[in-house]
Amino acid sequence: MVVDNNTSSLLDIGLYDTDTNALVTTIDDGEAIPASTLLDRNLTIAAFVPEDSLLFGKVESMLLDLNDGQVTRTENVEPYALFGDNSGNFFAANDLSLDENNTIAFELYSHLSIRVSHLRQLKMKSNMR
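Our subject in this report is the structure included herewith. (Residues numbered from 1 in each chain as written. Predicted model: local features only at pLDDT ≥ 70, side-chain atom pairs only at ≥ 80, totals over all residues. Heavy atoms only, no water.)

This next bit is on the overall build of the protein. Helices and strands together make up the secondary structure of the protein, namely two helices and 11 strands. For the protein, the succession of helices and strands along the chain, N to C, is β-α-β-β-α-β-β-β-β-β-β-β-β. Within the protein, buried positions represent 42% of all 129 residues. Total accessible area on the protein is roughly 7200 Å²; 45% of this is exposed by carbon and sulfur atoms. (Helix = DSSP H or I, 4+ residues; strand = E, 2+ residues; numbered from the N terminus. Buried < 20%, exposed > 50% of the residue type's maximum accessible area, 1.4 Å probe, protein only. Areas by Shrake-Rupley, 256 points an atom, 1.4 Å probe, with all protein chains shown as cover.)

Applying the stated rule across the entire model yields two aromatic pairs. Taken together, Tyr16, Phe48 and Phe90 form an aromatic cluster joined through their ring pairs. (Phe/Tyr/Trp six-rings, centres within 6.5 Å; stacked < 30°, edge-to-face > 60°.)

There is a patch of like negative charges on the surface, built from Asp12, Asp28, Glu51, Asp52 and Glu78. One can find Glu78 in the loop between β6 (71-75) and β7 (80-81). Owing to a relative accessible area of 37%, Glu78 belongs among the partly exposed residues under this scheme. (Patch = residues over 30% accessible without salt bridge, like charges linked within 9 Å, V, L, I, M, F, W, Y side chains within 5 Å. Salt bridge = Lys/Arg side-chain N within 4 Å of Asp/Glu carboxyl O. Lys, Arg positive; Asp, Glu negative; His and termini not counted. Charge placed at Lys NZ, Arg CZ, Asp CG, Glu CD.)

Before going further, it helps to examine the environment of Asp85. By the element assignment, Asp85 lies in strand β8 (residues 85-86). Here Asp85 falls in the buried class, since its relative accessible area comes to 18%. C-alpha of Asp85 to C-alpha of Asn21: the two residues are 64 residues apart in sequence and 9.9 Å apart in space. Dropping the residues within four chain positions of it, Asp85 is found in contact with Glu75, Pro79, Phe90 and Phe91. A distance of 3.4 Å separates a polar atom in the side chain of Asp85 from the backbone nitrogen of Ser87. A polar contact is formed between the side chain of Asp85 and the backbone nitrogen of Gly88, at a distance of 2.8 Å. (Contact = heavy atoms within 4.5 Å. Polar contact = N/O pair within 3.5 Å; in protein donor to acceptor, adjacent residues only side chain to side chain.)

Our focus in this paragraph is the environment of Gly84. Mapped onto the fold, Gly84 is located in the loop between β7 and β8. In sequence terms Gly84 and Ile45 are 39 residues apart; their C-alpha atoms lie 9.5 Å from each other.

With 22 residues, the main nonpolar core has Leu11, Met62, Leu82 and Phe106 as its most contacted residues. Residue assignment for this core shows that the elements contributing at least two residues are β2 (12-17), β4 (43-48), β5 (61-66) and β10 (101-112). (Core = buried A, V, L, I, M, F, W, Y, C linked by side-chain atoms within 4.5 Å.)

A word on the sheet that holds β4. With antiparallel pairing, four strands are arranged side by side in an open sheet as β3-β2-β4-β7. The two strands at the open ends of the sheet, each matched to only one other strand, are β3 (22-26) and β7. Across two bridges, the pairing between β4 and β7 is antiparallel. Pairing of Ala46 across the sheet is with Ala81, part of β7. (Pairing = 2+ DSSP bridges.)

In this structure, Thr18 sits in the loop between β2 and β3. Those residues in contact with Thr18 that sit more than four places away from it in its chain are Asn42, Leu43, Thr44, Phe90, Phe91 and Ala92.

Rendered as structure tokens:
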């Protein structure tokens, strides 16, 4: 993964097994995900705002966008999961095919009264080998 806009200090992003809800690997700056990690698994990507982030306590919803619209989802509570969840029990994708190179973008929002404030957009590029 190549992370733009210093994403790793603002969000904790991970690849999760949706059958066990276990973290498979964190997604960090400059990291490639081996294709063998993805084989025969039901997976999702989820983001959390850590307590030491400049955005902690400010993010109230997040739009996740895989491959410029291939999959999009807006989540209003943590975990902010690409395919959704039910109280931390992650949902998997149905028949999702990925290329070798993929991107995921995160748009973070804060809600103040009835006004919505766009906090930041973060974009990551991945390479599966």
